[in-house]
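Letter by letter, the chains look like this.
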Amino acid sequence: MDPDDERLVTKEDKIEDVRPKSFRCEMHDKSGGEDGPPELKMKEVGVERKLLKNGGLTKTVVKHGTCKHPKSPLSGDEVTVHYTGTLPDGTVFDSTRDKEPFTFKLGVGQVIRGWDKGVKTMRKGEQAVFTVQPQYAYGKAGQPPGIPPDTPLRFDIELLSWCSVKDVCRDGGVMKKIVREGKSWETPKDSDEVKVNYEVKLEDGTLISKSPDDGVKFIVEEGWLCPAFKHAVKSMKIEEVVVLMVQPEYGFGIDGREAKDSEGPVPLNATLIVDLELVSWNSVEIVTDDKKVIKKITKKGESYEKPNGGSTVTNQVVPGLEETLATMKKGEAKDSWDLDGPQKIAAAAKKKDQGNDLFKKGKLFFAARKYEKGGRHVEYESIFADGDEKNDARSLKMTLKLNEAACRLKLNSFPEVVDLTSKVLEIDSMNLKALFRRAQAYSAMMDLELAEQDLKKVLESDPNNRDAKLEQKKLNKKQVAHRKTEAKLYGNMFARLIKMEEKESKQADKGLANLPQVPALINPAEVSVQGYNQRVTVCPSHAGC
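Definitions and limits used
Residues numbered from 1 in each chain as written. Predicted model: local features only at pLDDT ≥ 70, side-chain atom pairs only at ≥ 80, totals over all residues. Heavy atoms only, no water. Helix = DSSP H or I, 4+ residues; strand = E, 2+ residues; numbered from the N terminus. Buried < 20%, exposed > 50% of the residue type's maximum accessible area, 1.4 Å probe, protein only. Contact = heavy atoms within 4.5 Å. Areas by Shrake-Rupley, 256 points an atom, 1.4 Å probe, with all protein chains shown as cover. UniProt positions renumbered as here; feature names shortened; annotations may be inferred. Phe/Tyr/Trp six-rings, centres within 6.5 Å; stacked < 30°, edge-to-face > 60°. Polar contact = N/O pair within 3.5 Å; in protein donor to acceptor, adjacent residues only side chain to side chain. Salt bridge = Lys/Arg side-chain N within 4 Å of Asp/Glu carboxyl O. Pairing = 2+ DSSP bridges. Patch = residues over 30% accessible without salt bridge, like charges linked within 9 Å, V, L, I, M, F, W, Y side chains within 5 Å. Lys, Arg positive; Asp, Glu negative; His and termini not counted. Charge placed at Lys NZ, Arg CZ, Asp CG, Glu CD.

Considering the overall build of the protein chain
Working step 1: Of the regular secondary structure elements, the protein chain holds 10 helices and 18 strands.
Working step 2: When each of the 545 residues of the protein chain is scored for burial, the buried share is 35%.
Working step 3: Considering only intrachain contacts with a sequence separation of at least 6, the fraction spanning at least 24 residues in the protein chain is 60%.
Working step 4: For the protein chain, the exposed area adds up to about 33500 Å²; of that, 52% sits on carbon and sulfur atoms.

Here you go:
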């Protein structure tokens, strides 16, 4: 057997399989039940078994786990244990039995290798003794004064609990620790409406924001408070409770946020700690391709069957719908193009009011759609009569586009914001709201020069505009950071060029040093080539060459 073989033992070795159940194949491990093949079950208490083929780590079960559905922690999970460490002669060198339990992250090198490999074979409530050879403990150096060099160690470990830790966005931006497992297997989609409870704090425990007692509802795609929310809820099951560690790029960015209403300020470049519970959600489905019909499921059906075309269904309809249908004639409909000027203005105003109500409730995605639909009624001014009617339509058109831009800005749809505000500025080139919102979008897209141009126009027209001044401060910080980044980039580039030139110069020196001496001619004259020690003899008639 290879003494350096660190592989876990397998069924073929006639030694127990210590793989976590999540790594076993239920379809192919047919010889066993829930805990794996019979010969691999950890039935025998007090029997020492190898965990690694090279014998570097052994395990003796003292007490089986108490979990009803046995699972083992995986790398990245946060585990909490009690332990006692002893030398071969029985001397105790460390123990948590008379103090707080020890918590660490498994499989990331926070503990000795023997622990990382051994604890992941345990189940909640299990107690076991691990014998760890020096190469999986403190090696030839030991850890004076308690642990001598090149010493095998014994650890009596009890796994008290663990929390699964997951990288939600796969870039370390949102780390999720599951405090309470959720129910079912389903998770929300972008279009679904979710209800959550939350508390947002800084790393020092300062409370930033807290949900009302009855929670808050929002569309997943629209998000809530900061970008981390929409990413996190899509990974959660109903009634799941988690703690999130949110880096600035998924929180409030490098600029932070000033105090707002009852919510506290967020410092620059702040990491957030979020306690989040997914209380419930309603599935939302798009029924028609044009997205004009959307279905929100408030109560799930009893089966997977659905009625076919021509089926007879029994249902309840919105109050007033039947009465409205009773007043209509066959084929009657009233489309936008059938409306005259005043009717179009009235329809657009109604959509604006509906959008305002949705905006106040925080339903930004649906509010934006209402504003968009209202804008279609007044998009073309040629159909309106000159005078007050055309002016009213133009004013309503700008308001609807600005309102939609406000929604899109909060939804981080920055290119759409630029498009909407630019259309307003085609009508009114000094519309301050349009300039300000376009500047915010440009800034978010890192088009800093364009953002500065728009903000300059706003402040020239309204020097006391508080929001514009704050945005200008944020922009200045971004410009400074951007210039530093560019300076570093170009500095590295110039450094590389200088190194390349030095290398080429050295190669040229080497080439000249290897040139053969030119034989002496009639009346030779010696000239020294500047920068080189080599002296070359040339003909006087060619001295000026």
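Continuing now.
Describing the UniProt feature "repeat: TPR" (unreviewed entry) in the protein chain
Working step 1: Within this structure's numbering, the places UniProt gives as "repeat: TPR" (unreviewed entry) are residues 432-465.
Working step 2: Annotated as 79% helix and 0% strand, the span residues 432-465 places its first and last C-alpha atoms 10 Å apart.

Details of the packing of aromatic side chains
For any pair of aromatic rings, the description rests on two quantities: the centre-to-centre distance and the angle between the ring planes.
Working step 1: By the definition in use, this model includes 10 aromatic pairs.
Working step 2: Measuring from ring centre to ring centre gives 5.0 Å for Tyr 83 and Trp 115, while their planes differ by 85°; the resulting arrangement is edge-to-face. With Tyr 83 in strand E3 (residues 78-86) and Trp 115 in helix H1 (residues 113-119), this residue pair connects regions lying 32 residues apart in the sequence.
Working step 3: Exposure remark for Trp 115: the relative accessible area of 6% places this residue in the buried category.
Working step 4: An aromatic cluster of at least three residues, connected via ring pairs, comprises Tyr 83, Phe 93, Phe 102, Phe 104, Trp 115 and Phe 155.

Structural notes on the side chain of Lys 401
Working step 1: One can find Lys 401 in helix H6 (residues 388-410).
Working step 2: One polar contact links Lys 401 to Glu 379, side chain to side chain, over a distance of 3.3 Å.
Working step 3: Apart from the residues lying within four places of it in its own chain, the contact partners of Lys 401 are Glu 379, Leu 420, Lys 423 and Val 424.

Looking at the pattern of salt bridges
Working step 1: Per the counting criterion, the structure on display carries 24 salt bridges.
Working step 2: Taking the shortest distance from any N to any O, the salt bridge between Glu 126 and Lys 59 comes out at 2.8 Å. Of the two residues, Glu 126 is situated in the loop between H1 and strand E6 (127-132) and Lys 59 in strand E2 (residues 57-63); the sequence distance between them amounts to 67 residues.
Working step 3: Judged by relative accessible area, which is 2%, Glu 126 ranks as buried.
Working step 4: Judged by relative accessible area, which is 1%, Lys 59 ranks as buried.
Working step 5: Glu 158 is the partner of Arg 97 in a salt bridge, and the nearest nitrogen-oxygen pair spans 3.0 Å.

As for the pairing of strand E13 (residues 241-246)
Each regular strand displays side chains that alternate between the two surfaces of the sheet.
Working step 1: Direction of pairing for strand E9 (residues 174-180) relative to E13: antiparallel, over a ladder of six bridges. In the sheet register, Lys 176 faces E13, and the bridge partner there is Leu 244.
Working step 2: With six bridges joining them, E13 and strand E14 (residues 272-282) adopt antiparallel strand pairing. Looking across to E14, one finds that Val 242 is bridged to Leu 276.

Quick look at a positive patch on the surface
Working step 1: On the surface, a cluster of positive charge is made up of Lys 469, Lys 473, Lys 474 and Lys 477.
Working step 2: Structurally, Lys 477 can be placed in helix H10 (residues 466-513).
Working step 3: For Lys 477, a relative accessible area of 44% corresponds to the partly exposed category.

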